Amino acid sequence: MSKTSSVDSSALGSEGTPKIISVLGASGSVGDSALDIIAGSPDRYRVNALTANRNVGKLARAAVKSGARFAVVADEGFYADLKDALSGHDIEVGAGQSAVEEAAGRSADIVIGAIVGAAGICPTLAALKAGNQVALANKEALVCAGDLVMAETQRLGKPILPVDSEHSAVFQVYERENRAEISKIVLTASGGPFRTWDRDAIAKASIEQALAHPNFSMGNKITIDSASMMNKGLELIEAHHLYGVSADKLKVVVHPQQIIHGMVAYSDGSLLAQLGAPDMRIPVAHCLAWPERAPANTDRISLVEIGQFTFEAPDYERFPCLRLAKEALEAGGSLPNIMNAANEIAVAAFLAGDIAFGGIAELVEKVMAEFVRRDEVGAASDVGDVLALDQAARNVARQILS
């Protein structure tokens, strides 16, 4: 059961006043980037709600610094700690899943969805159902419930603003009036720490090696997904929903410099690309200011200093997670949801030292095969079905592990 501690809440700003922003997952790397951009432009942005999973100290400091109205910790066991940390401050406090969804649904110009994993699905839907525009960093909302999320987006009449650097890049060069002329959407990948390793070495990689991403500083789960290239596979599924394109029009290219983040090819031979430093503040700043652009203290690139760009085809044998994601996308239905649930269990098992790095893909493939064998991969009709299948896939993954 959710808990809240209420204080007086005045009306939010209207047109001509600062944009009201809520950040779901404020203690993560995307949350850090968002709060940094907001702090640098106090005349442009105000914070309504912030949420975190368990990091009470960081959440409380961010709430005080940003002037948030509502702070929520998802784990109810930390409610008293958060209430104590914010004692004496005029900030409403909440705890539990329903409080997170309440934060998502409170009136805001933009809700940044940066909760990691399937836990972000319901808050994303709550934000959309409340009429809030969503800037989405949570891959699983689209991977697991893409049809439901996009239906709410269409009802709302506002696009999802992508926070991932690759989808932000595509968003910026995607010509909606010429969507019928799109021949290919290209997502770039750094290749991760194992880009040049052979398959046997990758399979035996340590936790420390897998967490050594060459460009970005991210949370452990996303970093492991980047090392396995599952992250890029999830992004392919996201792109299918965000841009309404079929699997055969989606492509991954390995670009180690990670300066070109995404490209769109058109029928006239044009290939449009967005370039930027590997700095999450750039796509976050784009989302916050959209449809305008605004100054932001973000990293800049020098093409002369970079010198050259290189590109490689992805290797589906050395990175089987990318292959599995493509297979899930092509199969459709609920297979992407099943794959994602199995991957979350597998990554947690790897980080706990229970399986080898190569065991991540092995477990995911076994879970996917089991649900195909059962013929339980049909499309979900509502969020209850999505969550039930997510839990069922996790249970199967745990049974295989045990």
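The rules behind the values
- Residues numbered from 1 in each chain as written.
- Predicted model: local features only at pLDDT ≥ 70, side-chain atom pairs only at ≥ 80, totals over all residues.
- Heavy atoms only, no water.
- Salt bridge = Lys/Arg side-chain N within 4 Å of Asp/Glu carboxyl O.
- Helix = DSSP H or I, 4+ residues; strand = E, 2+ residues; numbered from the N terminus.
- Buried < 20%, exposed > 50% of the residue type's maximum accessible area, 1.4 Å probe, protein only.
- Pairing = 2+ DSSP bridges.
- Axes fitted to C-alpha atoms, helices over the stretch in contact; angles between N-to-C directions.
- Contact = heavy atoms within 4.5 Å.
- Phe/Tyr/Trp six-rings, centres within 6.5 Å; stacked < 30°, edge-to-face > 60°.

### Here we look at the pattern of salt bridges
Consideration 1: Considering all chains together, one arrives at 24 salt bridges under this definition.
Consideration 2: Note that Asp75 and Arg54 form a salt bridge whose closest N and O atoms lie 2.8 Å from each other. Taken together, the residues Asp75 in the loop between strand S4 (70-73) and helix H3 (79-85) and Arg54 in the loop between strand S3 (45-52) and helix H2 (56-66) connect sequence positions 21 residues apart.
Consideration 3: Judged by its relative accessible area of 21%, Asp75 falls in the partly exposed class.
Consideration 4: Of the charged contacts, one joins Asp390 and Arg394 as a salt bridge, the two residues approaching to 2.8 Å between their closest N and O atoms. Here Asp390 and its partner Arg394 are both found in helix H17 (residues 383-401), four residues apart, which amounts to about one turn of the helix.
Consideration 5: The exposure class of Asp390 is buried, given its relative accessible area of 7%.

### Some remarks on the sheet that holds strand S12 (residues 271-275)
The pairing of strands in a sheet happens through backbone hydrogen bonds and is either parallel or antiparallel.
Consideration 1: Taking strand neighbours across the sheet as the criterion, the four strands line up as S10-S9-S11-S12 in an open arrangement whose pairing is mixed. A strand with exactly one partner marks an edge of an open sheet, and here the two such strands are strand S10 (250-254) and S12. Each strand of the sheet is rotated relative to its neighbour by a mean of 20°, with strand direction disregarded.
Consideration 2: One ladder, built from five bridges, connects strand S9 (residues 182-189) with strand S11 (residues 260-266); its direction is antiparallel. Its bridge partner lying in S11, Lys184 is registered against Ala265.

### Examining the pairing of S10
Consideration 1: S10 sits mainly inside the fold: four of its five residues count as buried.
Consideration 2: As paired elements, S9 and S10 share five bridges and run parallel to each other. Counted as the bridge partner of Leu187 is Val252 from S10.

### Considerations on the environment of Cys144
Consideration 1: Its location among the elements puts Cys144 in helix H6 (residues 139-156).
Consideration 2: In sequence terms Cys144 and Leu335 are 191 residues apart; their C-alpha atoms lie 8.6 Å from each other.
Consideration 3: Contacts of Cys144, omitting those with residues within four sequence positions, involve Ile121, Asn337, Asn340 and Val386.

### Re the packing of aromatic side chains
Consideration 1: Evaluated as defined, the whole model comprises five aromatic pairs.
Consideration 2: Between the aromatic rings of Tyr174 and Tyr243, the centroid separation amounts to 4.9 Å while the plane-to-plane angle is 45°, which identifies the pairing as tilted. You can see Tyr174 sitting in the loop between helix H7 (165-173) and S9 and its partner Tyr243 sitting in helix H11 (residues 230-243), a full 69 residues away along the chain.
Consideration 3: Classification of Tyr174 by relative accessible area gives buried; the value is 8%.

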